[in-house]
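An overview of the molecular structure
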Amino acid sequence: MPKYSSKKGGSRSSGAGSSSLGGESKDVKFKLSNNRFISVGAFKNKVRVDIREYYLDDKGEKKPGKKGISLSMEEWEKLKDLISDIDKAAGKSDSESAKGSEEESE
(Lines give C-alpha, C1' and ligand atoms only; values in the text may rest on other atoms or scores of the structure.)
Protein backbone atom coordinates (compact mmCIF):
# COMPACT_ATOMS: atom_id res chain seq x y z
CA MET A 1 0.00 0.00 0.00
CA PRO A 2 1.44 3.42 -0.93
CA LYS A 3 2.39 5.91 1.75
CA TYR A 4 0.38 9.10 1.63
CA SER A 5 -0.91 11.94 3.70
CA SER A 6 -4.04 14.00 3.61
CA LYS A 7 -3.70 17.73 4.15
CA LYS A 8 -6.78 17.86 6.39
CA GLY A 9 -6.53 14.32 7.74
CA GLY A 10 -3.01 14.60 9.12
CA SER A 11 0.19 12.85 8.18
CA ARG A 12 0.10 9.20 7.22
CA SER A 13 3.71 8.94 6.11
CA SER A 14 6.85 10.02 7.91
CA GLY A 15 8.11 12.14 5.00
CA ALA A 16 4.96 14.18 4.44
CA GLY A 17 5.21 17.93 3.97
CA SER A 18 2.77 20.57 2.86
CA SER A 19 1.33 20.31 -0.64
CA SER A 20 2.33 22.64 -3.44
CA LEU A 21 -1.25 22.68 -4.67
CA GLY A 22 -2.37 24.97 -1.84
CA GLY A 23 -5.94 25.89 -0.98
CA GLU A 24 -8.25 24.14 1.45
CA SER A 25 -8.68 20.98 -0.61
CA LYS A 26 -8.02 17.52 0.77
CA ASP A 27 -4.68 16.94 -0.95
CA VAL A 28 -3.31 13.41 -0.89
CA LYS A 29 0.44 12.92 -1.12
CA PHE A 30 2.44 9.85 -2.20
CA LYS A 31 6.16 9.51 -1.55
CA LEU A 32 8.05 8.77 -4.76
CA SER A 33 11.57 9.05 -3.31
CA ASN A 34 13.30 10.85 -0.47
CA ASN A 35 12.69 14.32 -1.90
CA ARG A 36 10.02 13.72 -4.57
CA PHE A 37 6.29 13.49 -3.97
CA ILE A 38 3.13 13.09 -6.03
CA SER A 39 0.19 15.13 -4.74
CA VAL A 40 -3.43 14.93 -5.85
CA GLY A 41 -5.63 17.89 -5.04
CA ALA A 42 -7.65 20.77 -6.39
CA PHE A 43 -6.33 24.03 -7.81
CA LYS A 44 -8.82 26.62 -9.08
CA ASN A 45 -11.59 24.01 -8.63
CA LYS A 46 -9.88 21.48 -10.92
CA VAL A 47 -8.26 18.23 -9.79
CA ARG A 48 -4.52 18.15 -10.54
CA VAL A 49 -1.73 15.60 -10.15
CA ASP A 50 1.42 17.39 -9.01
CA ILE A 51 4.82 15.67 -9.25
CA ARG A 52 7.32 17.81 -7.38
CA GLU A 53 10.79 17.85 -5.88
CA TYR A 54 11.03 19.12 -2.30
CA TYR A 55 13.88 20.85 -0.48
CA LEU A 56 14.77 21.48 3.17
CA ASP A 57 14.30 25.07 4.31
CA ASP A 58 16.43 26.86 6.93
CA LYS A 59 14.35 25.25 9.70
CA GLY A 60 14.86 21.74 8.28
CA GLU A 61 11.24 21.43 7.03
CA LYS A 62 10.45 19.93 3.63
CA LYS A 63 8.99 22.51 1.24
CA PRO A 64 7.83 22.19 -2.38
CA GLY A 65 10.40 23.43 -4.87
CA LYS A 66 10.16 24.91 -8.35
CA LYS A 67 11.16 21.63 -10.02
CA GLY A 68 8.02 19.74 -10.88
CA ILE A 69 4.95 19.52 -13.02
CA SER A 70 1.24 19.86 -12.39
CA LEU A 71 -0.90 17.69 -14.67
CA SER A 72 -4.58 18.09 -15.48
CA MET A 73 -6.66 14.92 -15.24
CA GLU A 74 -6.63 14.72 -19.05
CA GLU A 75 -2.81 14.86 -19.07
CA TRP A 76 -2.65 12.33 -16.20
CA GLU A 77 -4.85 9.86 -18.11
CA LYS A 78 -2.69 10.30 -21.22
CA LEU A 79 0.47 9.66 -19.21
CA LYS A 80 -1.03 6.47 -17.74
CA ASP A 81 -1.94 5.31 -21.27
CA LEU A 82 1.67 5.87 -22.38
CA ILE A 83 3.38 3.97 -19.54
CA SER A 84 3.90 0.70 -21.44
CA ASP A 85 5.18 2.61 -24.50
CA ILE A 86 7.57 4.59 -22.28
CA ASP A 87 8.79 1.35 -20.68
CA LYS A 88 9.38 -0.16 -24.12
CA ALA A 89 11.29 2.95 -25.23
CA ALA A 90 13.41 2.64 -22.09
CA GLY A 91 14.14 -1.00 -22.93
CA LYS A 92 11.83 -2.64 -20.40
CA SER A 93 9.17 -5.24 -21.06
CA ASP A 94 5.82 -5.10 -19.23
CA SER A 95 6.94 -7.84 -16.80
CA GLU A 96 10.24 -6.06 -16.03
CA SER A 97 8.33 -2.83 -15.39
CA ALA A 98 6.03 -4.49 -12.85
CA LYS A 99 8.99 -6.20 -11.16
CA GLY A 100 10.92 -2.90 -10.95
CA SER A 101 7.96 -1.16 -9.33
CA GLU A 102 7.73 -3.84 -6.67
CA GLU A 103 11.46 -3.62 -5.89
CA GLU A 104 11.37 0.21 -5.63
CA SER A 105 8.52 0.12 -3.13
CA GLU A 106 10.45 -2.07 -0.66
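These remarks concern the structure in this document. (Residues numbered from 1 in each chain as written. Predicted model: local features only at pLDDT ≥ 70, side-chain atom pairs only at ≥ 80, totals over all residues. Heavy atoms only, no water.)

1. Some words on the overall build of the protein chain
Spelled out, the test is: Strands here mean DSSP runs of E at least two residues long; helices mean DSSP runs of H or I at least four residues long; both are numbered from the N terminus. When accessible area is computed with a 1.4 Å probe and restricted to protein chains, residues below 20% of their type maximum are described as buried, those above 50% as exposed, and intermediate ones as partly exposed. Contact criterion: two residues are considered in contact whenever any of their non-hydrogen atoms come within 4.5 Å of each other. Per-residue accessibility takes into account occlusion by the displayed protein chains alone, with areas from the Shrake-Rupley method and a 1.4 Å probe.
Helices and strands together make up the secondary structure of the protein chain, namely 2 helices and 5 strands. Taken across its 106 residues, the protein chain has 22% of its residues classed as buried. In the protein chain, 22% of the contacts between residues at least 6 apart in sequence involve partners at least 24 apart. With an accessible surface of roughly 7,800 Å², the protein chain has 51% of that area assigned to carbon and sulfur atoms.

2. Observations concerning the packing of aromatic side chains
Heads up, the condition is: Note on aromatic contacts: the rings of Phe and Tyr and the six-membered ring of Trp form a pair at centre separations within 6.5 Å, being stacked when their planes are under 30 degrees apart, edge-to-face when over 60 apart, and tilted otherwise. Whether a charge lies above a ring is judged from NZ of Lys or CZ of Arg, which has to be within 6 Å of the ring centre and within 35 degrees of the ring normal.
Per the counting criterion, the structure on display carries 1 aromatic pair. Between the aromatic rings of Phe37 and Tyr54, the centroid separation amounts to 5.0 Å while the plane-to-plane angle is 70°, which identifies the pairing as edge-to-face. Pair noted here: Phe37 is in strand S3 (residues 36-43) and Tyr54 is in strand S4 (residues 46-56), with a separation of 17 residues, a long-range link. When sorted by exposure, Phe37 lands in the same class as Tyr54, which is buried. Lying over the aromatic face of Phe37, Lys29 brings its terminal NZ or CZ to 5.6 Å of the ring centre.

3. As for the pairing of strand S5 (residues 62-72)
Threshold: Here, a strand pair is defined by DSSP locating no fewer than two bridges between the strands.
The sheet contact formed by S4 and S5 spans 8 bridges and is antiparallel. Bridge pairing links Leu56 to Lys62 in S5. Linking two consecutive strands that pair antiparallel, namely S4 and S5, is a turn of 5 residues; a positive phi of about 85° is found at Gly60 within it.

4. Focus on helix H1 (residues 73-89)
Quick reminder of the rule: What a helix should span is 1.5 Å times the count of its residues minus one. Two axes enter the bend calculation: one fitted to the seven residues ending at the residue in question, the other to the seven starting there, and the bend is the angle between them.
Over its 17 residues, H1 runs 24 Å from end to end, which matches the ideal 24 Å to within 8%, given 1.5 Å per residue. Within H1, the axis deviates most sharply at Ile83, by approximately 45°. Count one or two residues on from H1 and you reach Gly91, which has phi positive near 90°.

5. Let's talk about the pattern of salt bridges
Short version of the rule: One side-chain nitrogen of Lys or Arg within 4 Å of one carboxyl oxygen of Asp or Glu is enough to make a salt bridge.
For the structure on display, the rule yields 4 salt bridges. The closest approach of N and O atoms between Glu53 and Arg36, which form a salt bridge, is 3.0 Å. Taken together, the residues Glu53 in strand S4 and Arg36 in strand S3 connect sequence positions 17 residues apart. Across the pair Arg52 and Asp50 runs a salt bridge whose closest N-O atoms are separated by 3.0 Å. For Arg52, a relative accessible area of 13% translates into the label buried.

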